[in-house]
Amino acid sequence: MFGIVRQNVGGARGLSSQGLNSMVRLRPIASVIRNYSSATKEMTVRDALNSALDEEMAADPNVYVMGEEVGEYQGAYKITKGLLDKYGPERVVDTPITEAGFAGIGVGSAYHGLRPVIEFMTFNFSMQAIDHVINSAAKSNYMSAGQINVPIVFRGPNGPAAGVGAQHSQCYGAWYGSVPGLKVLVPYSSEDARGLLKAAIRDPDPVVFLENELLYGESFPVSAEALDSSFCLPIGKAKIEREGKDITITAFSKMVGYALKAAEILEKDGINAEVINLRSIRPLDRATINASVRKTNRLVTVEEGFPQHGIGAEICASVVEDSFGYLDAPVERVAGADVPTPYAANLERMAFPQIEDIVRAAKRVCYRSVPLAATA
Amino acid sequence: MSMASIKFIKRTSFLTSSQFSSHLHRWIDSSSRNKPPVTSSGRFGTVYGGRQLHTAASISSDQLSTEAPSRQELNFPGGSVKFTSKRIFISGSNEERAHCYRVLNENGELVIDNDLLKITKELAVKMYTNMATLQVIDTIFYEAQRQGRISFYLTTTGEEAINIASAAALSNNDFVFPQYREPGVLLWRGFTLQEFANQLFGNKHDYGKGRQMHVHYGSKKHNYVTVSSPIATQIPQAVGAAYSMKMEKQDSCTITYFGDGSSSEGDFHAGLNFSAVMEVPVIFFCRNNGWAISTPISDQLRGDGIVVRGKAYGIPSIRVDGNDALAVYSAVYEARKMAIENQTPVLIEALTYRVGHHSTSDDSTKYRPVDEIEWWRNDQSPVKRFRKWIENKGWWSNDNESQHRSNIRKELAQAVQNAERTQKPPVADMFNNVYDVSPKNLNEQKESLRKTLKQHAKEYPSNVPW
């Protein structure tokens, strides 16, 4: 069998928290990389997630994967490909169709010391299990006064894909991001995917890991350091993907790519945009965002989710609280349309931010000199 | 022949026999492409014990014959099923309900005369004293709520046997996932009267650090998971913890308690169904006390209670008289053995009556007759019944009784006084345990609060420590 060794009976945690925090500090800083091959490897986000899962399962026998179609089918989006053959059905568990069931079961096993990685086929289906994510997982450490911790990861695609309609397209970043006790991560590139998933699995707190279906197939260059099995990204640190001095654009997940493309277009118009990849919605890296806004004095937030009570609203409030005096223009939020996602391709395109929307918002923020006229 | 049967015959001759068998062969081949093959026990060998999966791919030679089949049974996905030409619907209601296991009648007499249950005097007296203690605890804390000293309480009246006898049949390593009407299990495991009182008063000695509402006890050292308010969520959690025990091959199981009302929740279905598929050592203990706040059982479900659902999920189940401590003990004892030795879930439905109100926020006389309540309180009292039994055996007397109850009352009154006087948890504690390591924003807020309290000390109560 696996020869699982527990340190003590009744709820030991496998990799205990004291071993983890030292790993969390690792960050790929270009100047630190030495003696590695100069050819940068490319890796799809899918492979990045798969390799991260594989390495963490190899390193800790308490880590196991559970969800619909994760085993025999190799994963609905093939993220768990090959894991069943390698680790067996005990650690790659195919479930009946019951999100509430397997989320609750995962949490229960985490109470007793296992480290589950629960896959929701999309986070839209997590709504059927949301009581367990929030009341059974997020709040347990607090409600038990530290007697129970829940080292669980809930992962899966979040937000819109392409032509999947209203019940498969909602973004849950704002919902989960508002809950104390949860950590919410939103990777963009393959390095993000690898580093953040590894950090999430090693973290003693419950983590909601929001991926993006359309990013799974995208390839990104990965450094040799990121390919190492001990690689880990810190939770709660945003990444400045592109430095700039005129305007700050914050984004996460797929929108980071859009924001980068918008920045290239803006460059031609003489607007030098700084693009921040949030990487983490909770905790939100207010320090990095505010430092950037204090430098550029203008802010555009981008997200695919609904505008009301969204991520952009929180970022705007944070900047107003911390850096009000530095703003030269009101903050603009670029978000999805306030409608359930339509299915028809032309309508769907209108329902989500496109690169042009980000460009226009950035220009408005740069040139707005006349405030909106008050009525009478 | 009817039109329907003619169509049926036409369809079966559609595939020629050679096409049919080659179709089958392709089917077998594709399913064995994924290693290890599904049909062999190797797929689930290490984890799933003896259960063989029956799929369409494990086809008997019978079915491979080239004759047009007029078979008596067919290997459908899920297993072989016999055909019948009688169109009979399985009835939704039973003329006779599932029988209820009971060994002690209301007079405290054993209805069977064997030593199936080897209960020593020591164990029996311990069980009785705990049941009596539980009654005293309920009385005193209920009164404390009525006096305004605590804001909420719920009693276990009528279910003392369920609480104590089931706990007595378990080992201390078995993980308990309670609902909220099982403080007796914690009492059995050694939770003291003072510890109960501390939780209710939310003072600094409370293991929950004042975070939880009343009666939401939890104690890691007693393997009793903190009570959680949403109904039935503990059911799949118990299955998950049992899965963890199974992976470690521990000589323990999990037990989860829930009421008749909980059996309506989706989590009940998911938990039971899943536990059977995963083959884990979990005991599902349903306290069918007839009421979910004001909802009587007849408005909750229409089947024969909860025990019959076990079979639907493939789980061995038993119905037991919840007011009979010996029957409950015996059932849980055996269930635990089955769960661990066979790595299987077990369902126990204990029939009883919720004698008390749902909680201190409820007045049940508004929706049920008082004489019904009184009948169950007196005639079927599990405590009285067990007392008669141990007294008949010469293990207990009136003197023991009055002595014990008065001791507990004194001790408990003292515990309540102590708990009331003890300081509340420090305010600084409010920010801990949200995460494993406190994040920066909470540290900032904690510091900001500390400064505010210090600066405006006059405006805040002086007896609340930092």
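Parameters and conventions
Residues numbered from 1 in each chain as written. Chains lettered and ligands numbered in written order. Predicted model: local features only at pLDDT ≥ 70, side-chain atom pairs only at ≥ 80, totals over all residues. Heavy atoms only, no water. Helix = DSSP H or I, 4+ residues; strand = E, 2+ residues; numbered from the N terminus. Contact = heavy atoms within 4.5 Å. Areas by Shrake-Rupley, 256 points an atom, 1.4 Å probe, with all protein chains shown as cover. Buried area = accessible area lost by both parts, 1.4 Å probe. Salt bridge = Lys/Arg side-chain N within 4 Å of Asp/Glu carboxyl O. Pairing = 2+ DSSP bridges. Axes fitted to C-alpha atoms, helices over the stretch in contact; angles between N-to-C directions. Phe/Tyr/Trp six-rings, centres within 6.5 Å; stacked < 30°, edge-to-face > 60°. Buried < 20%, exposed > 50% of the residue type's maximum accessible area, 1.4 Å probe, protein only. Lys NZ or Arg CZ within 6 Å of the ring centre and 35° of its normal. Polar contact = N/O pair within 3.5 Å; in protein donor to acceptor, adjacent residues only side chain to side chain. Right-handed = clockwise from strand over helix to strand, strands pointing away.

Caption draft 1: Molecular detail of the overall build of chain A. On a plain count of helices and strands, chain A comes out with 14 helices and 14 strands. Residue pairs at least 24 apart in sequence account for 83% of intrachain contacts in chain A once pairs closer than 6 positions are excluded. With the model as given, the accessible surface of chain A reaches about 14,700 Å², and the carbon-plus-sulfur share is 54%.

Caption draft 2: Seen up close, the interface of chain A and chain B. Counting residues at the interface gives 51 residues for chain A, matched by 47 residues for chain B. Regarding the contact of chain A and chain B, the summed buried area is about 4,200 Å², with carbon and sulfur atoms giving 59% of it. On the chain A side of the interface with chain B, the three residues burying the most area are His112(A), Tyr142(A) and Gln147(A), jointly 17% of the side's total. At the surface where chain A touches chain B, the tally comes to zero salt bridges.

Caption draft 3: View of the sheet that holds strand β13 (residues 299–302) of chain A. All names here are of chain A. Pairing is mixed across the open sheet formed by five strands, whose spatial order is β9-β11-β10-β13-β14. Sheet topology places β9 (239–242) and β14 (332–334) at the edges, where each strand pairs with a single neighbour. Ignoring strand direction, the axes of neighbouring strands in this sheet form an average angle of 25°. Examined bridge by bridge, β13 and β14 share three bridges and lie parallel to one another. In the sheet register, Thr 301 faces β14, and the bridge partner there is Arg 333.

Caption draft 4: Examining the packing of aromatic side chains more closely. Under the criterion given, the structure shown has 27 aromatic pairs over all chains. Centre to centre, the rings of Phe386(B) and Trp389(B) are 5.6 Å apart; their planes meet at 35°, and the pair counts as tilted. Of this pair, Phe386(B) and Trp389(B) are both found in helix α15 (residues 382–392), three residues apart, which corresponds to roughly one turn of the helix. Exposure remark for Trp389(B): the relative accessible area of 8% places this residue in the buried category. Three or more aromatic residues link up through ring pairs in this structure, and these residues are Phe102(A), Phe120(A), Phe123(A), Phe154(A), Tyr172(A), Trp175(A) and Tyr176(A). Across the ring face of Tyr142(A), the terminal group of Arg211(B) is positioned such that the distance to the ring centre comes to 4.0 Å.

Caption draft 5: Structural context of the environment of Tyr207(B). If you trace the backbone, Tyr207(B) turns up in the loop between α8 (193–201) and α9 (234–248). On the accessibility criterion, Tyr207(B) (27% relative accessible area) is partly exposed. What Tyr207(B) contacts, discounting residues up to four positions off in sequence, is Ser144(A), Ala145(A), Gln147(A), Phe191(B), Glu195(B), Gly218(B), Ser219(B) and Lys221(B). Here the side chain of Tyr207(B) touches Glu195(B) through a polar contact of 2.2 Å, side chain to side chain.

Caption draft 6: Region of the structure containing the pattern of salt bridges. All chains considered together, the criterion is met by 42 salt bridges over all chains. Note that Glu401(B) is salt-bridged to Arg387(B), the shortest N-O span being 3.6 Å. Placement of the pair is Glu401(B) in helix α16 (residues 398–421) and Arg387(B) in helix α15, with a sequence separation of 14 residues. Glu401(B) sits in the buried class, given a relative accessible area of 8%. Salt bridges linked by common partners bring Glu55(A), Glu56(A), Arg194(A), Lys198(A) and Arg202(A) together as one network.

Caption draft 7: How the structure looks around the pairing of strand β8 (residues 317–321) of chain B. Residues and elements named next belong to chain B. Of the strand pairs in this sheet, β8 and strand β9 (residues 346–351) are connected by five bridges, and their pairing is parallel. In the sheet register, Ile 318 faces β9, and the bridge partner there is Ile 348. Each parallel crossover has a hand, and for β8 linked through helix α13 (residues 325–342) to β9 it is right-handed.

Caption draft 8: Spatial organisation of the environment of Ile271(A). Residue and element names in this part refer to chain A. Its location among the elements puts Ile 271 in the loop between α10 (254–268) and β11 (273–277). The exposure class assigned to Ile 271 is buried, which follows from its relative accessible area of 4%. With 57 residues separating them in the primary sequence, Ile 271 and Asp 328 have C-alpha atoms 15 Å apart. The residues contacting Ile 271, other than those within four sequence positions of it, are Asp 246, Ile 247, Ala 263, Leu 266, Lys 363, Cys 366 and Tyr 367.

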